[in-house]
Amino acid sequence: MELSTQYNAKEAEKNHYKRWEESGFFTPEINDDEDAETYSIVIPPPNVTGSLHMGHALQHTIMDVLARRKRMLGFRTLFLPGIDHAGISTQLMVTRQLKDEENKTPQDIGREAFTEKVWEWKHKYGGTILNQIRREGISVDWSREAFTMDENLSTAVRNVFVRLYEEGNIYRGARIVNWCPNDETVLSDLEVEDKEKKDGKLYYLQYPIKDGEQSSVSGEQSEDKGGNPTVMEGVGSVSSEQLAGSSGSEKAGRSPKVSEGVRYLTVATTRPETMLGDTAVAVNPNDERFKDLIGKTVELPLTNREIPIIADEYVDMEFGTGAVKITPAHDPNDYEMGLRHNLSQLNVMNLDGTMNHDAGEDFNGLDRYKGRKLVIEKFEELNLLEKIDDYEMVLPVCERCKTVIETLISEQWWVKMDEMRDMALELKRETDYPRFTPHNPHTKVYTDWLENLRDWTISRQLWWGHQIPAWYDEQGKVYVAKNREEAIKFAGTSKLTQDEDVLDTWFSSWLWSFSTLGWDGETVQSPRSKVQSQDENSSTLDFGLRTQDLNAFHPTNVIVTAREIIFLWVSRMVMAALKFVGERPFDDVYITGTVLDENGLRMSKSKGNGVDPLEVFDKYGVDATRMTLAGSATGANFAWRDEKVESYRNFANKIWNATRFCLMNAEGAKVDPGSIGICRNPHDSKGVIEDNYRNPHDSRAVIEDNCRNPNDSKGVVDGLPISDRWIISRLNKTAKHVNEALDKYAFHVAVDKLYHFFWDDFCDWYIELVKDEISSASNEQSAVSSKTEEKGGNPTVMEGTESSQIEARTRIITILEQSLRLLHPFMPYLTEELWQKLPNTNADLHNAAYRSADPTIMLADFPVGDESLIDEKAESEMQLIFELITKIRNIRAEMQIKPSDKISVHIAANDKIHKIFHENEAQILKLARANKIIIAGGLDVPDASAKGVLTNGAEIAIPLEGLIDFPKERERLQNQINKLVEEGERLSKQLSNENFVSKAPAEKVEAVRERVAEIETQTKTLNENLESLK
RNA sequence: GGGCAUAUAUGUCAAUUGGUAGACAGCCUCCCUUACAAGGAGGAAGUUGGAGGUUCGAGUCCUUCUAUGCCCACCA
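Throughout, a residue's number is its position along its own chain's written sequence, starting from 1. Written order decides the labels, with chains lettered from A and ligands numbered from 1. Totals for whole chains, interfaces and linings use every residue, but because this is a predicted model, local features are given only for residues with pLDDT of at least 70 and side-chain atom pairs only at 80 or more, for both listing and counting. In computing side-chain values, all of the structure's heavy atoms are included and hydrogens and water are not.

Undergrad: Please clarify how the packing of aromatic side chains should be interpreted in this entry.
TA: Two aromatic rings, taken as a pair, are described by how far apart their centres are and by the angle between their planes. Here is the rule: rings of Phe, Tyr and Trp (six-membered ring for Trp) pair when centre to centre is within 6.5 Å. Planes less than 30 degrees apart are stacked, more than 60 are edge-to-face, and the remainder are tilted. Across all of its chains, the model carries 36 aromatic pairs by this definition. Their ring planes at 65° and their centres at 6.3 Å tell us that phenylalanine 161 and phenylalanine 507 sit as a pair that is edge-to-face. With phenylalanine 161 in helix 6 (residues 151–166) and phenylalanine 507 in helix 14 (residues 506–509), this pair connects stretches of sequence that are 346 residues apart. Per residue, the accessibility class of phenylalanine 161 equals that of phenylalanine 507, and both read buried. Considering the side-chain rings of tyrosine 590 and tyrosine 745, the 5.7 Å spacing of their centres and the 40° angle between planes classify their relative orientation as tilted. On the criterion of sequence distance, the pair formed by tyrosine 590 in strand 25 (residues 586–592) and tyrosine 745 in the loop between helix 25 (722–743) and helix 26 (747–774) is long-range, its members being 155 residues apart. Burial status follows relative accessibility: with a 1.4 Å probe on protein chains alone, a residue under 20% of its type maximum counts as buried, one over 50% as exposed, and anything between as partly exposed. By relative accessible area, tyrosine 590 is classed as buried at 1%. Through a chain of ring-to-ring contacts, the aromatic side chains of Phe161, Tyr165, Trp413, Trp456, Phe507, Trp510, Phe514, Trp519 and Phe580 assemble into a single cluster. Definition used: whenever NZ (Lys) or CZ (Arg) falls within 6 Å of the ring centre and also within 35 degrees of the ring normal, the charge is taken to sit over that ring. Directly above the aromatic system of tryptophan 414 lies the positively charged group of arginine 175, at a separation of 4.2 Å from the ring centroid. A helix here means a DSSP run of H or I that spans at least four residues, while a strand means a run of E at least two residues long, and both kinds are numbered starting from the N terminus.

Given below as structure tokens:
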């Protein structure tokens, strides 16, 4: 089979996804094993308006690695995809489109037509992100794809709403809320973000005190712009009319006539326009400056109102002037204080961010910022503006449109979270659930947040979303019901109008773990459920079917998401699942790090520094990208580097070429796990193999002969050459490590182990070691083999026949195939592409649960690593051989011996080492590019030789007649001696420390002693060598 | 203001329960050796942010300082 010399990722990507999907490999139904354990992950639904970014790619890779491995292990695996209707984002998107295309607003076309438009938009563009997700190669079950506005998910939402309402956990009430004047909707606290404003101002406003006395009571002595104490200047008196400011403009430029007797209370504010809604001024009760004022009133300028001066501990004496204007209708803290002091709430703003009628005639209809300007102008005219300070501050803005939000009082629907919060907290306390990876800092963040949880505003003034299932009769009485018919029944009239608002998008997402599995709330033990399910026959049927999913796959095993979603989603999912299905939504929570740009900055649209995963896929391939993401995923943030992907692209190419090499030398060979002692499913004793299919071409006979029971595996391997025992040991050890790592969500560890096993062990050493033996042009090689035999080489190699070559080929290709399986969860496309090309890869290699499926590596049994095949002796012996070869190469390089120059190598070693080297002489000769190797008890070489010593004390020498550069060789030896001496001194010092010897573990002390002894031997030998050169 | 994280080679990052620091990229030397130049062989490069402490032994544990980043709450 001819393969190109370079791996073409795009080609492989094109070849497999469709087939995987169409063959049903992604569905849990592919699993034939009735008793299989299940494994499930639901994907965090991306916004329907979204497009794929690196954060998604990272999460999806993590989830897919987990799912693919579990599937290969025989778990009945469900990885469920879906999207979120994303209320505000989508509505904004379609509103914009409507504006662009038809120059209309949603109001112009009305609610029904608008939502129709949104659905159209969804059908047309909503699939964009899903197609991008396909490209990632993730093994999600598209037949179960969910959308938060799907019928049954919507039913679930309504049922949950009704239930909470009936329990008294949902209520409607006017309270202070975050309001986006641009989107004209309420926002939950979590949808508000902070934005720094460096050029903010702090305005100091003077409020005249009724029945005022002598002097200003500003927190500090205030001065006007000319440096004069403002209050002292005051002459005359200010009438209420003047203070109301209605005629202020005609007095521009003049000092207000302020009587000497008037005192002022100065307040500081960043939002002067809200003063129009002030209903009190507050001071700290302990503040000596204002003690006498408590209980008095001030004349509120620009209005005709007189408001009280109250005392509240909340006021910070240090900040501003120590006196605070209180606007209960436009500030959360003031709102609270208003409740405490029974203050009236005066709303001075409209919902679009303009001032309203109650702000006064001059302000009515003005934009809030113009209102602010005007307030300041008027205060200036009245000479009541004490000063304006520059003030850096943080403004709350709408997460979506970045408009500065207003806080105002509005009638909304709320969920009381107390009961659900307590359920979640109790579970956390008692069982430390959920288990976060990484454990820090998320566990604490989660708990702290829950402890301070407040009621959740769930209504949104939008049209796109789940309309609130509440109806009002003509008297305005509310009926919460599953549907209109039921509401009519409750109300006794059909003259009902449904609440205009929709629910917060998260009110559907928090049900995601179970609503996607078919739960629609009909099973809730509520009085209405039975009646309803009879009404809707079809949904009852669906319900039955889907309940199977719920039973099988809920709780899900793990949720993988970003840390900013912990509050929005993770914690709410915990609460919802506990509350509505009485169980946990998932076992583990894996929080990924953030992918940053190459400068370590957050990627963002506004900065334009985002890296588009699709471009990276095009450039380096999906598999290389997945390796990069998985290889970096420790939960820590990491800076994106193209170089990193490039190295995994190279790795993919390495795998491609290693396979290419094996295939070039595969004649007569076939993949056969038994040949390397790997038992087919050790846990597969239910006779699935026997019953399924038998045909003369399958290799099962061989496999079964080799491996009737797991205990035989060792027997198969015992007779093999050391290089095979070594690589088999490495393979199994790697498999073990990979599994352990993935069980702990240590993806980068798994990637690292796989990378080095494949590249270093398999390619750099194993292929080179067996190259001659398996190579097609093996005639001359077998000559080398037989030479080895004569010297008493390994009996297995001795056969030197065609059949031994085929066996060797079978082994290497089997080891390769096992490696591909291990790599598959990370690099699905490449591994499938190659697996399909290997000889004799068929469904028989599948995990027992999938024997009837079409052949695919996706369903192959995932290697778990067989302890009995881990051979430490073989590994350490091979290590000696590698050290020898490396040493010789090192000498060659440093003495600048040309690759084409053959050398002879003399080795002085003890019997044991002697034997090992002797048995592997052929490989040593080849890999060290030597033509002769002489192993003896001692060295008998000319002085003109380069020398070295191995860790175990064995000496090597390479005669270099006439070629040796004595000074250079002396320098080389001296360097080696220096390094050893340094290490030796350090260790000797340790040994001379009595405390170390007595307190450190005996093994540790012994190890140091051995090392010191080694160093002594090596140093001694090197010194002798050095002497002989003088 | 509160909480948390990070600081290791030139860069990006690793390093089980404390045992004396590794990978990849880059750099230097040599090699287009018939799987792969997206390759092979060899090599140089780190007082683990600073200062104390615990310990026989600290990148790892404790204290403190410095720098950076994130989250939460927000003083009007």
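Undergrad: Help me understand the sheet that holds strand 8 (residues 201–208) in this model?
TA: The strands that make up a sheet pair up through hydrogen bonds in the backbone, lying either parallel or antiparallel. In spatial order, the strands read 9-8-14; together these three strands make up an open sheet with antiparallel pairing. Taken across any chain shown, the strands that pair with only one partner, and hence form the sheet edges, are strand 9 (264–269) and strand 14 (385–390). Strand-to-strand twist in this sheet, taken as the mean axis angle between neighbours without regard to direction, amounts to 20°. Strand direction decides the pairing type here: strand 8 and strand 14, joined by five bridges, are antiparallel. Considered in strand 14, the bridge of leucine 202 is made with aspartate 389. Note on contacts: a residue pair is in contact if any heavy atoms of the two residues lie within 4.5 Å. A fitted line through C-alpha atoms serves as each axis, taken over the contacting stretch for helices, and the angle formed by two N-to-C directions is quoted from 0 to 180°. The sheet contacts of helix 10 (residues 368–381) involve strand 8 and strand 14, and relative to strand 8 the element is tilted by about 50°. In this scheme, strands are said to pair when DSSP sees at least two bridges between them.

Undergrad: Explain the protein's contact with RNA strand B to me, please; I cannot follow it from the model alone.
TA: Neighbouring RNA strand B are 58 residues; Asp316, Asn333, Arg649, Arg660 and Lys999 lie closest to it. Put simply, 62% of the atoms of RNA strand B that lie within 4 Å of the protein are in sugar or phosphate. Within 3.5 Å is the distance limit for a polar contact, defined as a pair of N or O atoms, with the added protein rule that one can donate a hydrogen and the other accept it, and that residues adjacent in sequence qualify only through two side-chain atoms. Lysine 654 is positioned such that a nitrogen or oxygen atom in its side chain is 2.8 Å from a base nitrogen of RNA strand B. Listing elements by their share of the surface near RNA strand B, those giving two or more residues are strand 9, strand 27 (638–639), helix 21 (642–664), helix 26, helix 31 (872–894), helix 34 (966–992) and helix 35 (994–999). Among the elements that line the surface near RNA strand B, the one with the most residues is helix 21, at twelve residues. All amino acids are sorted into three groups, where Ala, Val, Leu, Ile, Met, Phe, Trp, Tyr, Cys and Pro are nonpolar, Asp, Glu, Lys and Arg are charged, and the leftover types, Gly among them, are polar. For the surface near RNA strand B, the class distribution of residues is 23 nonpolar, 16 polar and 19 charged. In this text, near means that some heavy atom of the residue lies within 4 Å of the molecule or strand in question.

Undergrad: Just checking my understanding: could you explain the packing of helix 12 (residues 442–451) against helix 18 (residues 565–580) for this structure?
TA: Helix packing for two helices is described by the angle between their axes and how far apart those axes are. Where helix 12 meets helix 18, the closest approach of the two axes is 11 Å, and the angle between their N-to-C directions is 75°. It follows that helix 12 is roughly perpendicular to helix 18 by the angle criterion. Every residue of helix 18 that contacts helix 12 at His442, Val445, Tyr446, Trp449 and Leu450 is listed here: Ile566, Phe567, Ser571, Val574 and Met575. Taken together, the residues of the contact of helix 12 with helix 18 sort by class into eight nonpolar, two polar and no charged. These descriptions rest on fixed angle ranges, namely under 35 degrees for roughly parallel, over 145 for roughly antiparallel, 65 to 115 for roughly perpendicular, and the rest for oblique.

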